[in-house]
Amino acid sequence: MTVTIPDTAPQIAMVLAAGQGLRMRPLTNHMPKPLIPVLGKPMLDHALDRLAEAGVGRAVVNNHYLGAMIGEHLKDRTAPAITLSPEDTLLETGGGVRKALPHLGKAPVYTVNADIFWLDGPVPALRRLAAHWNPAEMDALLLLMATTKAVGYDGLGDYHMDPLGRLTRRAERELAPFVYAGVQIVKPELFAADTPDGAFSTNLIWDRAQEAGRLFGLAHDGLWFHIGTPAGLKEAEDLLAIGGVRAVAH
């Protein structure tokens, strides 16, 4: 299916690749988690390839744990063009974006976790996000996965979503039907407005957007895999190899 990329689609992305991947040991003893291959290709490359297909011209990639390996891996990539944002100390998701703001510009951007893996539905997820994005009403638009359909995920979920797509975070010890899928469109200025200088979570940004009624979600219509442990990686690859899925996970 051919899908036109909207004029309002982000041209720049922030790819979060600085995590330590502690639960993936021993695989991450000598390799950062984003470089662990799924179906023969690093998770980081799967994400960057999808960004290139969505029309993103530049990706800012943060790195910390074994960051030199990520820099070496990306040194020859041109689609998208890569800007590295190294972190001497781990800044978490929000702090990592805040540090990279000089490279991100002022227009809305994609942010993508580099250690996730998904397969698109009939329309690529990034293009679906771009088509649903409405900056007049939204500060952030999150790609969500139904917890009942998320492979390898056994958590409580993250958000409830109303019929218009507006999100509400689950209460403590409550179950929620959707988990954040690691992909969003967000306004960079939110990370500069009254945020800490050091490490902080993007949850701070989302909670403020929710309070303002400007946090929205879009349910993913393809497959999504939570690859948190070596056993989870094997489960994902075993499932992906069934029924010719390998052929479409390019």
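A quick note: this is a predicted structure, and the numbers were derived from the prediction, not measured.

Chemist: Mind showing me how you'd approach the UniProt feature "domain: Nucleotidyl transferase" (unreviewed entry) in the chain here?
Modeler: Cross-referencing UniProt, the feature "domain: Nucleotidyl transferase" (unreviewed entry) maps to residues 13-133 in the present numbering. This span, residues 13-133, is 33% helix and 23% strand, and a straight line between its end C-alpha atoms measures 15 Å.

Chemist: What is the right way to look at the pattern of salt bridges in this model?
Modeler: Any two side chains of opposite charge can pair if their charged atoms end up close together. Tallied over the full model, the rule gives 16 salt bridges. One salt bridge connects Asp-139 with Lys-187, and the closest N-O pair in it is separated by 3.4 Å. Within this pair, whereas Asp-139 is found in the loop between α4 (125-132) and β8 (140-146), its partner Lys-187 is found in the loop between β11 (178-186) and α5 (203-211), the two being separated by 48 residues in sequence. Both residues of the pair, Asp-139 and Lys-187, count as buried.

Chemist: What is the right way to look at the side chain of Thr-83 in this model?
Modeler: Relative to the helices and strands, Thr-83 resides in strand β5 (residues 81-86). The class for Thr-83 is buried, based on a relative accessible area of 16%. Of the polar contacts made by the side chain of Thr-83, one reaches the side chain of Arg-58; its length is 2.5 Å. Discounting chain neighbours no more than four positions away, the residues touching Thr-83 are Arg-58, Ala-59, Val-60, Val-61 and His-103.

Rules used throughout
Residues numbered from 1 in each chain as written. Predicted model: local features only at pLDDT ≥ 70, side-chain atom pairs only at ≥ 80, totals over all residues. Heavy atoms only, no water. UniProt positions renumbered as here; feature names shortened; annotations may be inferred. Helix = DSSP H or I, 4+ residues; strand = E, 2+ residues; numbered from the N terminus. Salt bridge = Lys/Arg side-chain N within 4 Å of Asp/Glu carboxyl O. Buried < 20%, exposed > 50% of the residue type's maximum accessible area, 1.4 Å probe, protein only. Polar contact = N/O pair within 3.5 Å; in protein donor to acceptor, adjacent residues only side chain to side chain. Contact = heavy atoms within 4.5 Å.

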